[in-house]
Amino acid sequence: MNSNLNVEIRPVTPPDVPAIAALAREIWQATYPGIITQEQIDFMLEQRYGHERLYDDLEDLHKWLDQAFHEGRRVGFAFSEIHKGEFKLDKLYIHPDVQRRGVGGQLISNVAERARKAGYPCVILQVNKRNVNAINSYKKYGFVVREVMVDDIGRGYVMDDYVMEKKL
Ligand SMILES: CC(C)(COP(=O)(O)OP(=O)(O)OC[C@H]1O[C@@H](n2cnc3c(N)ncnc32)[C@H](O)[C@@H]1OP(=O)(O)O)[C@@H](O)C(=O)NCCC(=O)NCCS
């Protein structure tokens, strides 16, 4: 097993947007074929990582966009937000080259600390039921399945997810 990587976590800023969108595409293409169709991947990438959407996210006071660097290379990102009164880890994506080396864990700790300081009792997230590696990593970091959720995301696509929560 590879050892953990030390990363520096920094906020995403507007000039980072194209690189975050490109990193998202690279990681999604390595993750979701076999879980959802290519058409749904393209649709969801446009919906969530279109540049204008990311610029809007950066201006939203209820959203936090974190990125992780290892030796100057951008290796992952975590977006968190206040969602319906709860603190949600909305996106967590680590480059395949450095998965399973503790980067996701460090980004989760950072988000959990932010939620704890703001007084929230737990962090929640949604994960595709078939994304077994991600589910296992969330369990490793203290998340448990709270409910099953089928979300209509438009154009006939649904997200077939678990909602997981980690008590703080
Ligand atoms: C899921 C993800 C965020 C976890 O981050 P990470 O930095 O790889 O995870 P960590 O090193 O902190 O934690 C490792 C744990 O994650 C799980 N895991 C992560 N990648 C795995 C893989 N390729 N195969 C098997 N288990 C994996 C294991 O439970 C592992 O624990 P172990 O090494 O003790 O067995 C990351 O692998 C990732 O970005 N995956 C692709 C995108 C994705 O699915 N994102 C989540 C969307 S909800």
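Higher on the page you've got the structure.
Note that the structure is predicted; figures quoted are calculated from it, not measured. (Residues numbered from 1 in each chain as written. Predicted model: local features only at pLDDT ≥ 70, side-chain atom pairs only at ≥ 80, totals over all residues. Heavy atoms only, no water.)

Next up on the list: the sheet that holds strand S5 (residues 122-128). Remark on secondary structure: sheet strands pair via backbone hydrogen bonds, oriented parallel or antiparallel. Spatial strand order, S1-S2-S3-S4-S5-S7-S6: 7 strands in an open sheet with mixed pairing. Both outer strands of the open sheet, strand S1 (8-11) and strand S6 (144-154), are each paired with one neighbouring strand and no more. Put simply, the sheet's adjacent strands are angled 30° from each other on average, direction ignored. In the sheet, strand S4 (residues 86-94) pairs with S5 via 2 bridges, with the strands oriented parallel. Bridging across to S5, lysine 88 finds its partner in isoleucine 124. In this fold helix H4 (residues 103-117) packs onto S1, strand S2 (63-70), strand S3 (73-83), S4, S5 and strand S7 (157-167), with an angle of close to 160° to the strand it touches most, S4. (Pairing = 2+ DSSP bridges. Helix = DSSP H or I, 4+ residues; strand = E, 2+ residues; numbered from the N terminus. Axes fitted to C-alpha atoms, helices over the stretch in contact; angles between N-to-C directions. Contact = heavy atoms within 4.5 Å.)

A few words on the side chain of glutamate 165. Of note, glutamate 165 is situated in strand S7. We classify glutamate 165 as buried; its relative accessible area is 10%. There is a polar contact of 2.9 Å between the side chain of glutamate 165 and the side chain of arginine 146. Sequence-distant contacts of glutamate 165, defined by excluding residues within four places in its chain, comprise Cys122, Val123, Ile124, Gly142, Phe143, Val144 and Arg146. (Buried < 20%, exposed > 50% of the residue type's maximum accessible area, 1.4 Å probe, protein only. Polar contact = N/O pair within 3.5 Å; in protein donor to acceptor, adjacent residues only side chain to side chain.)

What follows deals with the pattern of salt bridges. In total, this model carries 15 salt bridges according to the counting rule given. Taking the shortest distance from any N to any O, the salt bridge between arginine 146 and glutamate 147 comes out at 3.5 Å. Taking relative accessible area as the criterion, arginine 146 reaches 36% and is therefore assigned partly exposed. Within this structure, Glu86, Arg146, Glu147, Glu165 and Lys167 form a network of salt bridges that share partners. (Salt bridge = Lys/Arg side-chain N within 4 Å of Asp/Glu carboxyl O.)

If you walk through the whole model with that rule in mind, you get 12 aromatic pairs. Seen in terms of ring centroids, tryptophan 28 and tyrosine 93 are 5.8 Å apart; in terms of plane orientation they differ by 35°. Their pairing is tilted. In this pair, tryptophan 28 sits in helix H1 (residues 17-31) while tyrosine 93 sits in strand S4, placing the two residues 65 residues apart along the sequence. Relative to phenylalanine 79, the ring of phenylalanine 77 has its centre 5.2 Å away and its plane inclined at 45°; by these criteria the two rings are tilted. By relative accessible area, phenylalanine 77 is classed as buried at 0%. (Phe/Tyr/Trp six-rings, centres within 6.5 Å; stacked < 30°, edge-to-face > 60°.)

With phi around 45°, glutamate 71 is a residue other than glycine that occupies positive phi space. Its location among the elements puts glutamate 71 in the loop between S2 and S3. Although it is not a glycine, lysine 84 adopts a positive phi angle of roughly 50°. With respect to the helices, strands and loops of the structure, lysine 84 is situated in the loop between S3 and S4.

Now for the site of the ligand. In the neighbourhood of the ligand, 23 residues make up the surrounding shell, with Arg100, Gly102, Gly104, Ser137 and Tyr141 lying closest. Between glutamine 99 and the ligand, the recorded distance is 3.5 Å, taken from a side-chain N or O atom to a nitrogen atom. Against a free-state accessible area of 890 Å², the protein chains account for coverage of 83% of the ligand. Looking at the shell around the ligand, the elements that each hand over two or more residues are H1, S4, H4, S5 and helix H5 (132-140). Looking at the shell around the ligand, the element that brings in the most residues is H5, giving 6 residues. (Near = heavy atom within 4 Å. Areas by Shrake-Rupley, 256 points an atom, 1.4 Å probe, with all protein chains shown as cover.)

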